[in-house]
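Fold and geometry: a report
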Amino acid sequence: MTLRDYGRMGQFMLEHGVVNGREVVPAGWTDDATARHVADPPYGYFWWIIPGGYEAEGIFGQTLSVFPQDHLVVAINSAWPAAWSQEIDAVRMKYVAALRAATR
């Protein structure tokens, strides 16, 4: 997937599965998909539930974060040096928080 593809998927979820005025998924599906179905860690249908939104995470740093109340989608296509890095993820989370703050 390209960065644009990630962004389009995020926009699709932000708009509740509606494209050009046409419902692509059943009404309520995106809300159910992004609701907490697993308590710990908080997880929906392939979406991690985070404060103010939800996100999908790929290996080596690809993330798609959606914040419905902020009308914000953040798509990141990275190439981390390892499959997972707590330090790099902490920087990513600060970056996403700064983007959210800038939209308010």
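Because the structure is predicted, anything quoted here is derived from the model rather than measured.

What about unusual backbone geometry?
- Of the consecutive residues Asp40 and Pro41, the connecting peptide bond is found in the cis state with omega at 0 degrees.
- Secondary-structure assignment places Pro41 in the loop between α2 (29–33) and β3 (48–50).
- Even without a glycine there, the phi angle at His71 is positive, about 55 degrees.

What about the side chain of Ser65?
- Position of Ser65 relative to the elements: it lies in strand β5 (residues 63–67).
- The class for Ser65 is buried, based on a relative accessible area of 0%.
- The residues contacting Ser65, other than those within four sequence positions of it, are Tyr54, Glu55, Leu72, Val73, Val74 and Arg92.

With respect to the pairing of β5
- For β5, the tally of buried residues reaches 5 of 5 residues, placing the bulk of the element in the interior.
- Burial along β5 is two-sided: Thr63, Ser65 and Phe67 facing one way and Leu64 and Val66 facing the other are all buried.
- Note that strand β4 (residues 53–57) and β5 share 4 bridges and pair antiparallel. From the neighbouring strand, Ala56 faces β5, where its bridge partner is Leu64.
- Where β4 folds back onto β5 in an antiparallel hairpin, the turn is made up of 5 residues, including Phe60, whose phi is positive at roughly 65 degrees.
- Alignment of β5 against strand β6 (residues 72–76), held across 5 bridges, turns out to be antiparallel. When the bridges of β6 are listed, Ser65 appears paired with Val74.

Focus on helix α3 (residues 86–103)
- Over its 18 residues, α3 runs 26 Å from end to end, which matches the ideal 26 Å to within 8%, given 1.5 Å per residue.
- Looking at α3, one finds that the buried residues are Asp89, Arg92, Val96 and Arg100. One face of α3 carries all of its buried residues, which in axial projection span an arc of 80 degrees. Turned more than 90 degrees off the buried face of α3, the exposed positions are Glu87, Val91, Lys94 and Ala102.

Definitions and limits used
Residues numbered from 1 in each chain as written. Predicted model: local features only at pLDDT ≥ 70, side-chain atom pairs only at ≥ 80, totals over all residues. Heavy atoms only, no water. Helix = DSSP H or I, 4+ residues; strand = E, 2+ residues; numbered from the N terminus. Buried < 20%, exposed > 50% of the residue type's maximum accessible area, 1.4 Å probe, protein only. Contact = heavy atoms within 4.5 Å. Pairing = 2+ DSSP bridges. Expected span 1.5 Å × (residues − 1). Arc of directions from axis to C-beta.

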